[in-house]
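For reference, the chains in residue letters:
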Amino acid sequence: MKSRRTRRTAVSIVVAAALAAVAACSSAGGSGGSGGSEKEDRAGARAATGVRPIAALRSAEKTTGNADSARIRTTTTMGFLLSMTTDGSLAWDDGISGTVTITCTGGSTAELMRRLGTTSMEARYLPDAYYAKMSGTFAARTGGKHWIRYGYDDLAAVAGGSGALLKDQMQNTTPNKSIQMLLASGDVKKVGEETVDGQATTHYAGTVEVADLAGRSSSLTASRLAALKKQLTQAGVGTETVDIWVNGRDLLVKKTEKATTANGTMTQTAHYSDYGVQVSAQKPPARDTEDFGTLLEKRGLAGPTS
């Protein structure tokens, strides 16, 4: 019985991470605005070839941010732990909102989900929380409720400092943050012209110091930031490569992030289309919803982990 409870709780925590990863398709961190830092300006001044990429990216950051919504398709792999795809629409004009379908396609997470009746689930993002619809098998083991509610304040209970960062991302991350990441890194170059999803695009790339950027771009307290850096070190995460493709309308078309971790290579690719699309997300019925924090308390696992 105890092992079953542990397994169900583990799935709930993994789902939390997976849902947060969807919002992170916008980025793993970002600077707090479209303006450039001194580091960006120094990077642009080092060579004439650096000026035009930075100016172009600033324009793309502003245009993408002002679009307010888009359809998003992502593919994510996290070493042996997880492979998943997502498909749906998100809006960011008033916090993150929208509905997506998440499908676990491989890794140990997919096996856990398979044991509980499904490897695919609907996720709804709302300004105060996000919701995951689990299988009937899972519901039968948790009092008949199909939805799990993850309040953003509960994310700290998932993984300490990194959970606090996920909370910050879920409430503030938008697709243009990927562009802000490159601008804030001071390491950005124009790779060339390429066709992506049938569109003519310009490809830019750079390398980001994950912990340093998280410290500059989030509202984490000193203790949370210290915990995050410790977790990143333990996970073997140092730098991350970021590639983005921008079309002729200064809109982000594709983004790829790649990092090495203790569990293997993490890669996420996101495709953006239909900017300005109408997005809706309704809160599931309360009688069919279990709160994530309550679920942890019932199993004696409440409180942050480090």
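Quick caveat, the model's predicted, so the values are computed rather than measured. (Residues numbered from 1 in each chain as written. Predicted model: local features only at pLDDT ≥ 70, side-chain atom pairs only at ≥ 80, totals over all residues. Heavy atoms only, no water.)

Engineer: Is there a simple way to think about the pattern of salt bridges in this case?
Structural biologist: Pairing between side chains of opposite charge can happen when the charged atoms of each approach one another. Enumeration over the complete set of coordinates arrives at nine salt bridges. Its salt-bridge partner being E257, residue K255 comes within 2.9 Å of it at the nearest N-O pair. It is possible to trace a salt-bridge network through shared partners that takes in E111, R114 and R115. (Salt bridge = Lys/Arg side-chain N within 4 Å of Asp/Glu carboxyl O.)

Engineer: When you look at the confidence of the model for the chain in this model, what are you seeing that I'm missing?
Structural biologist: Across the chain, the average pLDDT comes to 74, with 64% of residues at 70 or higher. In the model, residues 1–13 has pLDDT below 50 throughout and makes 23 contacts with residues more than four positions away in sequence or in other chains. Counting contacts from residues 228–236, a segment whose pLDDT is below 50, to residues more than four positions away or on other chains yields 22 contacts. (pLDDT = per-residue confidence, 0-100. Contact = heavy atoms within 4.5 Å.)

Engineer: I'm lost on the nonpolar core in this one. Help?
Structural biologist: Here is a general trend for soluble globular proteins: nonpolar side chains tend to be buried in one another's company. Counting 45 residues, the largest nonpolar core has L57, Y125, I244 and Y275 as the members making the most contacts within it. The biggest single contributor to this core is helix α7 (residues 177–185), with four residues. Beyond its immediate chain neighbours, meaning those up to four positions away, I244 contacts L57, S178, I179, L182, T202, H203, Y204, L252, K254 and K255. Core analysis: the next-biggest nonpolar cluster, separate from the first, contains five residues, L126, A129, W147 and A281 among them. (Core = buried A, V, L, I, M, F, W, Y, C linked by side-chain atoms within 4.5 Å. Buried < 20%, exposed > 50% of the residue type's maximum accessible area, 1.4 Å probe, protein only. Helix = DSSP H or I, 4+ residues; strand = E, 2+ residues; numbered from the N terminus.)

Engineer: Would you explain the packing of aromatic side chains in this entry?
Structural biologist: Aromatic rings considered in pairs are described by the distance between their centres and by the relative angle of their planes. Overall, the coordinates contain three aromatic pairs when judged by the stated rule. With a centroid separation of 5.6 Å and 25° between ring planes, the pair formed by Y125 and Y130 is classed as stacked. Each member of the pair, Y125 as well as Y130, carries the same accessibility label: buried. Here the aromatic rings of Y130 and Y150 are separated by 5.3 Å at their centres, their planes lie at 15°, and the arrangement is stacked. (Phe/Tyr/Trp six-rings, centres within 6.5 Å; stacked < 30°, edge-to-face > 60°.)

Engineer: For this particular structure, what's the right way to read unusual backbone geometry?
Structural biologist: Most peptide bonds take the trans form, and the phi angle of most residues other than glycine is negative. Despite not being glycine, D68 has its phi angle at roughly 75°, a positive value. Tracing the backbone through its elements, the reader meets D68 in the loop between α3 (48–66) and β1 (69–78). Looking at D68, the relative accessible area reads 34%, which means it is partly exposed. The residue D274 is not glycine, and still its phi comes out positive at about 50°. Within the secondary structure, D274 is located in the loop between β11 (264–273) and β12 (289–291).

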